[in-house]
Amino acid sequence: MQCPKCHSLMRTYNRSGVQIEQCDNCRGIFLDYGELESLTQLEAQWAQQVPPPPPAAPGYPPQQPAWGSHPPYHGHHKRHGVSRLFFSS
Amino acid sequence: MGAGGHDAEVLSEARTDHALISGLVGRARDIAGVAGRQWDVLNDRTGLVVRVDDVVVKAHRNGTDAAILAARLRIATYLEAQRILLQPVRSREGRLLFEVEDRLVTIWPAGEPVRPDDVDAVPWEHAAHLLARLHTIPTRGRDVAGPLPPAGAPHRVARGVAGLGDGSASAEIRRAFATLPAWTYSAGDTPAGSGSVVHGDWHLGQLVWHGTARETPGWRLIDVDDLGIGAPAWDLARPAAWFAAGLLPPRDWGRLLTAYRAARGPAVPPEGDPWPALDAPARAFTVQSAAVAVARAREAGRPLDDVAIALVDACRRIANVALRPCGYGDQ
């Protein structure tokens, strides 16, 4: 089809099952009836996706900076130390 | 809340400024339409925060700039559309910002935070995902219309160090402060290429579960007081500092970092050593947290606790590393 704006040729692309026409010249995008809704729905699904579980950590244990604590974790601080990470300092 | 709440009429038992609390509860009734029978002071350190039924009313700290806060509230409205941050409650006339007893006040829906005594329940992956999405928001064009203020993290560092007194712990903290690059405590010196939208004061208390019929339920960030443009590494810097001080288990830090990378967050390179990117802001938050912990212990007439000692020890190591031949370079 022809671009309604600049009358150049439009090319059809398929993105996640949604047909999109894009103009080769001005890059404008033409959406058929219902296509915007399909895209919005796909985006909402993506945004709501649960973050992937952490992969079985290749970089474990994590690196410390040059000034890092040795040992890397004071076990006895656990409850107290992490719980202070809940407040602005 | 609940058992810990107060009867709104019994203001004589308030822990902080009675008139201010009374005014905040009144605003919650007027603006948010809550009954306001129950209220509870959630925080009276960094601005007074009072929960009234299903809303939270915040009196921002003295000296807060109204124009800058208004700009931050505007970003919050945009970020709620992205399901990243809670958006403030509007009055019927569409206002977001109010005044009570000469303090700037905002009203928010109440979310459920992770409890500090339930550290195993921390949703590290969700937190990482939210931060990565915040950091990848385009800062130009129509998405975040209008100018964005700089993030408040450097100001927070400067304020922390300004409260230091005398004594050996304060001296250790000052030595560590002397290693910091200027951009970590002076917003005007922000390096080029650090233009992400950042929270600026991110920690585990800034994450709540929010679910209502109107909005999509999920984890959200809260608190816009330091929101703005800055280096995205600021938002990983406090947990990074806690990890480096031996206060956060490597497993937890690893979960946050791995998930942030998986979500393509821009604060650290996708793989390899994250510390070249994190080091300066993590040192800055170590200095700032140590300074505040020492100042609070002094005000309360208490000795330093385990956490304060671990942070001051980290400051000593920071200063000692700086004395080595390779030091911190340009970081």
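Note that this is a predicted model, so its numbers are computed, not measured.

Digging into the confidence of the model for chain B
1) Next: With 89% of its residues at a pLDDT of 70 or more, chain B has an overall mean of 87.
2) Next: Considering only residues more than four positions removed or in separate chains, one finds that residues 1-15 of chain B, a stretch of pLDDT under 50, has 21 contacts.

Here we look at the sheet that holds strand β7 (residues 112-113) of chain B
All names here are of chain B.
1) Next: A sheet is described by the order of its strands in space; here 3 strands give the open sequence β7-β9-β10, paired in antiparallel fashion. Unpaired on one side and paired on the other, β7 and β10 (218-221) mark the two borders of the sheet.
2) Next: Where strand β9 (residues 207-210) lies against β10, 4 bridges are found, and the strand directions are antiparallel. Paired with Trp 209 across the strands is Trp 219, a residue of β10.

Some remarks on the environment of Asp 65 of chain B
Residues and elements named next belong to chain B.
1) Next: Looking at the element boundaries, Asp 65 is found in the loop between β4 (55-59) and α2 (66-81).
2) Next: Residue classification places Asp 65 among the exposed residues on the basis of 12 C-beta atoms within 10 Å.
3) Next: Sequence separation between Asp 65 and Pro 138 is 73 residues; the distance between their C-alpha atoms is 25 Å.

Remarks on the nonpolar core
All names here are of chain B.
1) Next: If you look at the biggest cluster of nonpolar residues, it comprises 102 residues, and the most contacted ones within it are Ile 173 and Val 287.
2) Next: Broken down by element, the residue count for this core peaks at 13 residues, all from helix α8 (residues 275-300).
3) Next: Once you skip the residues sitting within four places of it in the chain, Ile 173 turns out to touch Leu 164, Val 287, Ala 290, Ala 291, Val 294, Val 312 and Cys 315.

Remarks on the interface of chain A and chain B
1) Next: With 33 residues of chain A in contact, the opposing surface of chain B contributes 47 residues.
2) Next: Sorting the residues of the side of chain A that touches chain B by element identifies α1 (35-48) and α2 (78-83) of chain A as the ones contributing at least two each.
3) Next: At 5 residues, the largest contribution of residues to the side of chain A that touches chain B is made by α2 of chain A.
4) Next: For the side of chain A that touches chain B, the per-class residue count stands at 19 nonpolar, 12 polar and 2 charged.

A few points about the domain arrangement of chain B
All names here are of chain B.
1) Next: Once the domains are mapped, chain B shows domain 1 (2-109) and domain 2 (119-323).
2) Next: At the interface, 16 residues of domain 1 touch 20 residues of domain 2.
3) Next: Looking at the side of domain 1 that touches domain 2, the elements that each hand over two or more residues are α2 and β6 (103-109).
4) Next: Looking at the side of domain 1 that touches domain 2, the element that brings in the most residues is α2, giving 8 residues.

Remarks on the packing of helix α4 (residues 153-162) of chain B against α8 of chain B
All names here are of chain B.
1) Next: Across the interface, α4 lies against α8 with an axial gap of 8 Å and an inter-helix angle of 40 degrees. As far as their axial angle goes, α8 and α4 are oblique. Regarding α4 and α8, the two cross each other, and that crossing is left-handed. Taking contact as the criterion, the partners of Arg 156, Val 157, Gly 160 and Val 161 in α4 are, on α8, Ala 284, Val 287, Gln 288, Ala 291 and Val 292.
2) Next: Considering only residue class, the contact of α4 with α8 consists of 6 nonpolar, 2 polar and 1 charged.

As for the sheet that holds strand β2 (residues 18-23) of chain A
Residue and element names in this part refer to chain A.
1) Next: With respect to topology, 3 strands assemble into an open sheet ordered β1-β2-β3, the strand pairing being antiparallel. A strand with exactly one partner marks an edge of an open sheet, and here the two such strands are β1 (10-15) and β3 (29-30).
2) Next: Pairing analysis gives 6 bridges linking β1 to β2, with the strands arranged antiparallel. Bridge pairing in β2 places Arg 11 opposite Gln 22.

Cut-offs used in this document
Residues numbered from 1 in each chain as written. Chains lettered and ligands numbered in written order. Predicted model: local features only at pLDDT ≥ 70, side-chain atom pairs only at ≥ 80, totals over all residues. pLDDT = per-residue confidence, 0-100. Contact = placed C-beta atoms within 7 Å. Pairing = 2+ DSSP bridges. Helix = DSSP H or I, 4+ residues; strand = E, 2+ residues; numbered from the N terminus. Buried ≥ 20, exposed ≤ 12 C-beta atoms within 10 Å, placed from the backbone. Core = buried A, V, L, I, M, F, W, Y, C linked by C-beta atoms within 7 Å. Nonpolar A, V, L, I, M, F, W, Y, C, P; charged D, E, K, R; others polar. Domains from an automatic or database assignment. Axes fitted to C-alpha atoms, helices over the stretch in contact; angles between N-to-C directions. Parallel < 35°, antiparallel > 145°, perpendicular 65-115°, else oblique. Left-handed = near helix turned anticlockwise from the far one by under 90°.

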